[in-house]
Amino acid sequence: MISLLRTHISVEDLRTAICLWILLGILLALSRFAAALPDIWVAGVVILLAVPLQSVLFWRRRMRRLAFRRACLKRNSPYFFRIRGGLWMFLGQSALALMLGSLLLVGLARQEHRVFWLLLVMLVPVWLKSNHFLAGYFQKHVNEPFHLVLTHRVHGLLFGLCLLASLFAWTIFQPVINASGVAFEAAVLAFTRETAMRSTMLGAGVDLLAGMDAARHWLGQNLMETLPGPGLHGLIWLMILIKEWLLVWPLLLMFQAVHLLAAGHWSSQINRSGDER
Amino acid sequence: MNKGHDRTKPASIVVSHLVWTGYLLAALALPALLFWSLLAPNPWTWIVPQRATILIDDQAYRLNGKQWRVALENSLNALTGQEQAVLAELDTEIDNTLNLMFKLPRSQVSEAADWYYSGLGQVARHWAGLRGMGNGDGYESLADNLGSRLFPEEEWSGLKNSMLNALLSKGADAGRHSLDHMNIILHKELDAYRIDGDPSGADFHLSSDWTADSGLVEIALGDTLPAHTGVAVSASALSTLAARRGVQVAASRAAGRGMTLKGMTACAHAGPLASLCSIGIFTGTFVITELAILHLDESRNRDDFEAALHADLDRIEQQFRITIKDELIGGLQARFNAERGLLDEHLSPVSRMFPD
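Residues numbered from 1 in each chain as written. Chains lettered and ligands numbered in written order. Predicted model: local features only at pLDDT ≥ 70, side-chain atom pairs only at ≥ 80, totals over all residues. Heavy atoms only, no water.

> How would you sum up the overall build of chain A? Please name residues and give values.
Broken down by element type, chain A carries eleven helices and zero strands. Ordering the α and β elements of chain A from the N terminus gives α-α-α-α-α-α-α-α-α-α-α. A burial count over chain A gives 44% of its 277 residues as buried. Sequence separation of at least 24 residues holds for 80% of the intrachain contacts in chain A that already meet a minimum separation of 6. Of the roughly 14300 Å² of accessible surface on chain A, a fraction of 68% belongs to carbon and sulfur atoms. (Helix = DSSP H or I, 4+ residues; strand = E, 2+ residues; numbered from the N terminus. Buried < 20%, exposed > 50% of the residue type's maximum accessible area, 1.4 Å probe, protein only. Contact = heavy atoms within 4.5 Å. Areas by Shrake-Rupley, 256 points an atom, 1.4 Å probe, with all protein chains shown as cover.)

Structural data, given as structure tokens:
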């Protein structure tokens, strides 16, 4: 019986699933306690979140640079090794990782509905299986150094689109707060007043997203009759998409980082990526 | 060699199966735990006690149930201590005020005794004695007279009112500030859980405007104090003194009468002026006798009389003390008890927010 099950579910898959669920547990706890964190703790958490994000971003950037080097430069050229990506690329990706870490923490602090988290928990096996499927497919069609990064890029994109569509649909069907007949400033103040963060930095980020919510509600309820319908609809949907993407993007990167670590690709491929001469 | 290899193969398979099973169980337990934490109400409270944000005077505090209960208990204990200290201080203040108040009548005792043993006083005593023979109430007016001398109307009223008003306002102040003091103590106890930033959106708003709801206990001392200080000087003491004096002076009166008879007998030889002589002798011996009796009475009984007056003043002061303490301290205690009810009304919703 166990042997039969083991043919379908490998130890690596189980290990990866466990790591992803542990990640979700940590993010859920962060979401619960973010409001009570002081500034110094928020800075520490952002740095911790940025570490795995920076690793994935740096790896992907390096692989992209490797593809460019292979396509455009000769192997015996000294520039083939020099422009592989070093300190500046590291610093650039670190800055991006810090920004994404902040976005992730702000998104967690908004305390998404539990349906979002239930969906994520249930999608972990789907994530694994779809990743395996894509990996098998790309292994047949993509060159060796690039098939892993391409698998994860495409997988992340497809998964992200599905997650985004779910969040978008969920947001559309949420009860609408009445902002009609109210001045824009008052609407923004009313939305931002609902948040109570101990950290000023986190509070500022949450207020910004709350302001975006207020803006789309106010636009939809006050200008729908005067401005062209499709244009305004498009603007409101775009605002929803941007707001949700700001959470989904760093979340997917974090998933990929943990997946790569749990599946053992870190030491075998990522650490040495792009260093070939 | 193949045999040895074959023997270890099943063992490694078992180990790998065990490892895989362990991973599988963890992979089943983790999502179950996550589902439970998402679907169960307040799942985090068994790790981290539920915290809530409360606002007191626009200052937000974030704390759990245990912290709130400890802070509240400490505040109430401190308030009780402060209230007891206030009541003890007021008790001492009342004693000191009464000592000061009664310095006036005590200083008047000598003057009152001077009047009592004067001619006018003698007349008043005789009149009281005559009235007392009929209905026994004759000494009431004498006591009134003495009372008005011990407690001069204007001076006593002014002193009494000013001192009692001072006590009343002190009591009212103590009552008014006790809730403010509770507010300060509560802020101090909760200081460790203070959070900065915009406190709006807090879970619970606690109005600190407690004093608006509390009513001042009306303490009206004027009606309950012994107002008839005139009769406070006991009439019975005076009649007792009069009776004792009567016994003491009986012999003197008898001697006086003897002198009068002798004088009047001597006037029998005065011829037509005998009646005038007799009247003169009678009046003269009467006045002399009464003056002698007055001096004798004063020399023998003045100390006792003054002691009786002091004893009466002590009794009146004690009556004042009991009445004022009952009204003021009792009223203040009742106010403190009423404020506890008010505090409970304001603060119990916060306690109910936290599960036990």
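On we go.
> If you had to explain the packing of aromatic side chains to someone new, which residues and values would you point to?
All names here are of chain B. Here the structure, examined in full by the defined rule, presents 14 aromatic pairs over all chains. A centroid spacing of 6.3 Å and a plane angle of 85° characterise the contact between Phe102 and Phe151, whose relative ring orientation is edge-to-face. On the criterion of sequence distance, the pair formed by Phe102 in the loop between helix H2 (65–101) and helix H3 (103–107) and Phe151 in the loop between helix H6 (139–150) and helix H7 (153–189) is long-range, its members being 49 residues apart. Judged by relative accessible area, Phe102 falls into the buried class, the value being 0%. Ring plane angle 70° and centroid distance 5.4 Å describe the contact between Phe102 and Trp156, whose orientation is recorded as edge-to-face. One end of the pair, Phe102, is in the loop between H2 and H3; the other, Trp156, is in helix H7, and 54 residues separate them in sequence. As far as burial versus exposure is concerned, Phe102 and Trp156 are alike and both buried. These aromatic residues form a ring-pair network of at least three members: Phe102, Phe151, Trp156 and Phe320. (Phe/Tyr/Trp six-rings, centres within 6.5 Å; stacked < 30°, edge-to-face > 60°.)

> Explain the packing of helix H2 (residues 11–33) of chain A against helix H5 (residues 87–109) of chain A to me, using residue names and the numbers behind them.
Residue and element names in this part refer to chain A. H5 packs onto H2 with a crossing angle of 65° between their chain directions and a minimal axis gap of 7 Å. One element, H2, and the other, H5, form an angle in the roughly perpendicular class. Handedness of the crossing formed by H2 with H5: right-handed. Mapping the contact onto sequence places Leu27, Leu30 and Ser31 in H2 and Leu104, Leu105 and Leu108 in H5. Classifying every residue of the contact of H2 with H5 gives five nonpolar, one polar and no charged. (Axes fitted to C-alpha atoms, helices over the stretch in contact; angles between N-to-C directions. Parallel < 35°, antiparallel > 145°, perpendicular 65-115°, else oblique. Left-handed = near helix turned anticlockwise from the far one by under 90°. Nonpolar A, V, L, I, M, F, W, Y, C, P; charged D, E, K, R; others polar.)

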